Amino acid sequence: MAFLDGAAERPHHAYVLAGPEGSGKSLAARAFAAAMLCKLGGCGACRDCRLALEDHHPNEFHVEPEGRDIHVDTIREEVWTPASRTAPEPGRKVFVIREADRLSPAAADTLLKVLEEPPADAVFLLMSARAHELPETILSRCHVVTFTALSETFVVEVLTREGVRDVRARLAARLAGGNLGRARRLAVAEDGLAFRDAAREAVIHAAEGPPGALDAAGVVLDAAAVYKKNLKAELDEELAPFLDERGRPEDAYRGAIRKIQTRFQRRERRAERDYVDWVLLAVSSLLRDRIASAVGADDTRMNPDLPPDERLSVALAARGLAGIEEARAELAEDLNLNTRLVLERAFLRLAEIAA
């Protein structure tokens, strides 16, 4: 962050923000963008800063994967074209490319052409947890800024300073894998732990035998569907500042509104699969806690607020943990898989041992 603070006044044309999920890359990108777009260099209070810190500034362009990859058409439409045009408002243009390692070969080639002859008023921020997978031709044209994972202690301290109770803060930090933004949502949101509730219900069903495994898959899918449906309320909240008193888009913000809607549509397409992964991750944490308790490692439990389920044998928990992690890996690698079938197979591994 100190490097970026010093670079905001005269930035290089491109940066790679490299580091694991939850290491603060998104927060740094927002702060850096605000500093570059603010007329005072990042005061934190003006309109430019407020919009940039919420990823809503008209001069910001956000790109993220559609499904598994970032496609060439996306780079052409949302990077190449706006980069060559005048910024919507006076000042720099900032392009934020999330999960940049997912650029398809054609998309990477198209982005490279922009980086080779960058517009003077454009700055590109490529974010990646696997920066080593980016083409060397792209990396060589960017300053690489490396982030390290946030420690559990740091995340807990931040949350407790914000008024979160200690146990809840530790739970959120562990379930979020050190991701401060997600940990904050888990700790504060009323339904922040709904995915874990679904996980607990699914484990109970699976432990009843094969018929329960099929019910467990249904529990996970139903929870994901509810999550996707509730996203609409978040979109309405994001759009509210750009609407007039009658709820109609203000002319000056139509471009910003279109970008918000496009990002929402992408997020919505990935929402159910992402939520399924959260539930499976919570299932893994519950099974791991049973194993940790059996070997006397209670202080390492992922769910410090819940006693381990003694109905689960250690053998069941170990075999089930392997099956759940295999399912997570399969769903992450291939978006065309039938999610229900993958879930049923994973929970059947639990059920077979329980039967």
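One structure accompanies this document, and this report is about it. (Residues numbered from 1 in each chain as written. Predicted model: local features only at pLDDT ≥ 70, side-chain atom pairs only at ≥ 80, totals over all residues. Heavy atoms only, no water.)

A closer look at helix H10 (residues 194-206)
Working step 1: Its 13 residues give H10 an end-to-end C-alpha distance of 19 Å, which sits within 8% of 18 Å, the value for a rise of 1.5 Å per residue.
Working step 2: If you check which residues of H10 are buried, you get Phe195, Arg196, Ala198, Ala199, Ala202, Val203 and Ala206. On an axial view of H10, the arc spanned by its buried residues comes to 155°, and they lie on one face. (Helix = DSSP H or I, 4+ residues; strand = E, 2+ residues; numbered from the N terminus. Expected span 1.5 Å × (residues − 1). Buried < 20%, exposed > 50% of the residue type's maximum accessible area, 1.4 Å probe, protein only. Arc of directions from axis to C-beta.)

Regarding unusual backbone geometry
Working step 1: In the Ramachandran plot, aspartate 55 falls in the positive-phi region, its phi being about 65° despite a non-glycine side chain.
Working step 2: Inspection of the secondary structure puts aspartate 55 in the loop between helix H3 (47-53) and strand S2 (60-63).
Working step 3: We classify aspartate 55 as buried; its relative accessible area is 8%.
Working step 4: The residue glutamate 99 is not glycine, and still its phi comes out positive at about 50°.

Examining the sheet that holds strand S5 (residues 143-146)
Working step 1: Taken in spatial order, the five strands make up an open sheet running S2-S3-S4-S1-S5, and their pairing is parallel. Either end of the sheet is taken by a strand with one partner, and the two such strands are S2 and S5. With direction set aside, neighbouring strand axes in the sheet form an average angle of 20°.
Working step 2: In this sheet, strand S3 (residues 93-97) lies alongside S2 in parallel orientation, the contact comprising four bridges. Looking across to S3, one finds that histidine 62 is bridged to valine 96. (Pairing = 2+ DSSP bridges. Axes fitted to C-alpha atoms, helices over the stretch in contact; angles between N-to-C directions.)

Considering helix H4 (residues 72-84)
Working step 1: Taking 1.5 Å as the rise per residue, H4 with 13 residues should run 18 Å; its terminal C-alpha atoms sit 17 Å apart, in good agreement.
Working step 2: Inspection of H4 places Val72, Thr74, Ile75, Glu78, Val79, Pro82 and Ala83 among the buried residues, and these make up the whole buried set.

What about the nonpolar core?
Working step 1: Leu159, Phe195, Val276, Leu280, Leu343 and Phe347 are the most contacted members of the largest nonpolar core, which totals 62 residues.
Working step 2: Mapped onto this core, the elements with two or more residues apiece are helix H7 (152-161), helix H8 (166-175), helix H9 (180-188), H10, helix H11 (210-239), helix H12 (254-294), helix H13 (314-333) and helix H14 (339-354).
Working step 3: With 13 residues, H12 is the single largest residue contributor to this core.
Working step 4: Core analysis: the next-biggest nonpolar cluster, separate from the first, contains 28 residues, Ala18, Val79, Ala122 and Leu139 among them. (Core = buried A, V, L, I, M, F, W, Y, C linked by side-chain atoms within 4.5 Å.)

Points about the packing of H4 against helix H5 (residues 105-116)
Working step 1: The N-to-C vectors of H4 and H5 enclose an angle of 10°; their axes lie 8 Å apart at closest approach. Between H4 and H5, the crossing angle belongs to the class labelled roughly parallel. Listed contacts from H5 to Val72, Ile75, Arg76, Val79, Trp80 and Ala83 of H4 are Ala106, Ala107, Thr110, Leu111, Lys113 and Val114.
Working step 2: When its residues are assigned to classes, the contact of H4 with H5 shows nine nonpolar, one polar and two charged. (Parallel < 35°, antiparallel > 145°, perpendicular 65-115°, else oblique. Contact = heavy atoms within 4.5 Å. Nonpolar A, V, L, I, M, F, W, Y, C, P; charged D, E, K, R; others polar.)

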